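What follows is the residue order along each chain.
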Amino acid sequence: QVQLIESGGGLVQAGDSLRLSCALSGRTGSRAAMGWFRQAPGKEREFVAAISWSWNGDIGDRTYYADSVKGRFLISRGNVANTVVLQMASLKPEDTAVYYCAASDRSFSGSSSYTAYSEYDYWGQGTQVTVSS
């Protein structure tokens, strides 16, 4: 079975940095994108960042960020295949949430920014990030 496992969450103070990792295992077809969403208590799950690429590798990596994290967060491919990393800096209390990794198991779409929940096929179980003031 396909699994996505997040790691790296924890408790930090405002202004600190944290690095989240996501590893995908199992059989998949083409993967157009992997991304991060987050969900705070009492709120809906929201897009954080994504990285996408074409299925045949002829399109370079593209990254997308929510306005709330732009300039503070950085998404990139990990050093190991089928992994992505989310580097978070200048963390704020409002960043507190469960962070979920997601993978899109479909063909790359050049017109998509992969910000929508419906564009992903697999989800991890989340890792808690808590930022204290």
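Residues numbered from 1 in each chain as written. Predicted model: local features only at pLDDT ≥ 70, side-chain atom pairs only at ≥ 80, totals over all residues. Heavy atoms only, no water.

A. Summary view of unusual backbone geometry. If you check the backbone angles, Ser90 has positive phi at about 50 degrees while not being a glycine. Position of Ser90 among the secondary structure elements: in the loop between strand E8 (83-88) and strand E9 (97-104). In the Ramachandran plot, Tyr114 falls in the positive-phi region, its phi being about 55 degrees despite a non-glycine side chain. (Helix = DSSP H or I, 4+ residues; strand = E, 2+ residues; numbered from the N terminus.)

B. The arrangement of the pairing of strand E1 (residues 3-7) in detail. The alternating pattern of E1 places Leu4 and Glu6 on a buried face and Gln3, Ile5 and Ser7 on a face that is not buried. Here 5 bridges tie E1 to strand E3 (residues 18-25), and the two strands are oriented antiparallel to one another. Counted as the bridge partner of Glu6 is Cys22 from E3. (Buried < 20%, exposed > 50% of the residue type's maximum accessible area, 1.4 Å probe, protein only. Pairing = 2+ DSSP bridges.)

C. Looking closely at the nonpolar core. Core analysis: the biggest nonpolar cluster contains 38 residues, and Met34, Trp36, Leu86, Met88 and Tyr99 have the highest contact counts within it. Among the secondary structure elements, those contributing two or more residues to this core are E3, strand E4 (33-39), strand E5 (46-52), strand E6 (62-65), strand E7 (73-77), E8, E9 and strand E11 (127-132). Beyond its immediate chain neighbours, meaning those up to four positions away, Leu86 contacts Leu18, Arg19, Leu20, Trp36, Val48, Ala49, Phe73, Leu74, Ile75 and Tyr99. (Core = buried A, V, L, I, M, F, W, Y, C linked by side-chain atoms within 4.5 Å. Contact = heavy atoms within 4.5 Å.)

D. Molecular detail of the side chain of Thr127. By the element assignment, Thr127 lies in strand E11. Thr127 gets classed as buried once you look at its relative accessible area, which sits at 11%. A polar contact of 3.2 Å, which involves the side chain of Thr127, links it to the backbone nitrogen of Gly9. Apart from residues lying up to four places away in sequence, Thr127 is in contact with Glu6, Ser7, Gly8, Gly9, Leu20, Ala97, Val98 and Tyr99. (Polar contact = N/O pair within 3.5 Å; in protein donor to acceptor, adjacent residues only side chain to side chain.)

E. Geometry of the sheet that holds E7. Strands sit in the order E1-E3-E8-E7 across an open sheet of 4 strands; the sheet is antiparallel. Of all the strands in the sheet, just E1 and E7 have a single pairing partner and so form its edges. Averaged over all neighbouring strand pairs, the angle between strand axes comes to 15 degrees, with direction disregarded. With 6 bridges connecting them, E3 and E8 associate as antiparallel partners. Its bridge partner lying in E8, Ser21 is registered against Val85. (Axes fitted to C-alpha atoms, helices over the stretch in contact; angles between N-to-C directions.)

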